[in-house]
Amino acid sequence: KPFSMPVLLRKIGAILRRCRGEDRPGANLLRYRDLTLDLDAYTAMRGDRMLELTNREFECLRELLQNQGRVMTYQNYDYLGDDRVIYSHIKNLRRKLGADYIRTVRGVGYRVDKD
């Protein structure tokens, strides 16, 4: 069926929004700047790029985004193991995100600034 270019672009945009979960009723999304976490589908996107995160990295990022502006102390991450494990997850997250979203509060923990 022939479509005009504006109609075609709107249809493509609608399909992309559905794929990202933006049109799904009841979608459980967390957004911070250009990051989107879909808690139901367990996916993370930065802009239009899908991020390949491990379960622990996803959980760390979820905790940080749900508590924006609050310092997440090392005690908040007890289920992840000792401090060295947390350092590794945060280091890997920073590398995969490609931008500096996570701030270190020396001797206390990590924080994501309020958006």
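In what follows, the accompanying structure is described.

What counts, and at which threshold
- Residues numbered from 1 in each chain as written.
- Predicted model: local features only at pLDDT ≥ 70, side-chain atom pairs only at ≥ 80, totals over all residues.
- Heavy atoms only, no water.
- Pairing = 2+ DSSP bridges.
- Helix = DSSP H or I, 4+ residues; strand = E, 2+ residues; numbered from the N terminus.
- Axes fitted to C-alpha atoms, helices over the stretch in contact; angles between N-to-C directions.
- Contact = heavy atoms within 4.5 Å.
- Buried < 20%, exposed > 50% of the residue type's maximum accessible area, 1.4 Å probe, protein only.
- Polar contact = N/O pair within 3.5 Å; in protein donor to acceptor, adjacent residues only side chain to side chain.
- Salt bridge = Lys/Arg side-chain N within 4 Å of Asp/Glu carboxyl O.

Describing the sheet that holds strand β3 (residues 43–46)
Consideration 1: The strand order β1-β2-β3-β4 describes an open sheet built from four strands, whose pairing is antiparallel. At either end of the open sheet lies a strand with only one pairing partner, and these are β1 (29–32) and β4 (49–51). Ignoring which end each strand starts from, the neighbouring axes of this sheet average 25 degrees apart.
Consideration 2: As judged from the four bridges shared by β1 and strand β2 (residues 35–38), these two strands associate in the antiparallel manner. By the bridge assignment, tyrosine 32 is partnered in β2 with leucine 35.
Consideration 3: Taken strand by strand, helix α2 (residues 55–66) contacts β1, β2 and β3, and its axis lies near 110 degrees from that of β2.

Examining the side chain of aspartate 38
Consideration 1: Structurally, aspartate 38 is set in strand β2.
Consideration 2: Residue classification places aspartate 38 among the buried residues on the basis of a relative accessible area of 3%.
Consideration 3: Of note is the side chain of aspartate 38, whose polar atom sits 3.0 Å from the backbone nitrogen of aspartate 40.
Consideration 4: A distance of 3.1 Å separates a polar side-chain atom of aspartate 38 from the backbone nitrogen of alanine 41.

Topic: the sheet that holds strand β5 (residues 72–73)
Consideration 1: Strand order in this open sheet of three strands is β5-β7-β6, and the pairing throughout is antiparallel. The outermost strands of the open sheet, each flanked by one partner alone, are β5 and β6 (102–105).
Consideration 2: Lying over the sheet, α2 contacts β5, β6 and β7 (109–112), oriented at roughly 60 degrees with respect to β7.

Describing the pairing of β6
Consideration 1: Here β6 runs beside β7; their pairing, made up of four bridges, is antiparallel. Within β7, the residue paired with threonine 104 across the bridge is tyrosine 110.

What to know about the pattern of salt bridges
Close approach of charged atoms lets side chains of opposite charge pair.
Consideration 1: Tallying each qualifying case throughout the model produces seven salt bridges.
Consideration 2: The salt bridge involving arginine 103 is made with aspartate 113; its shortest N-O contact spans 3.2 Å. Of the two residues, arginine 103 is situated in strand β6 and aspartate 113 in the segment after β7; the sequence distance between them amounts to 10 residues.
Consideration 3: With a relative accessible area of 29%, arginine 103 lands in the partly exposed category.
Consideration 4: With its nearest N and O atoms 2.9 Å apart, the salt bridge here joins aspartate 113 to arginine 111.
Consideration 5: Note on aspartate 113: relative accessible area 22%, which makes it partly exposed.
Consideration 6: In the salt-bridge network here, residues are joined through shared partners; they are Asp100, Arg103, Arg111 and Asp113.

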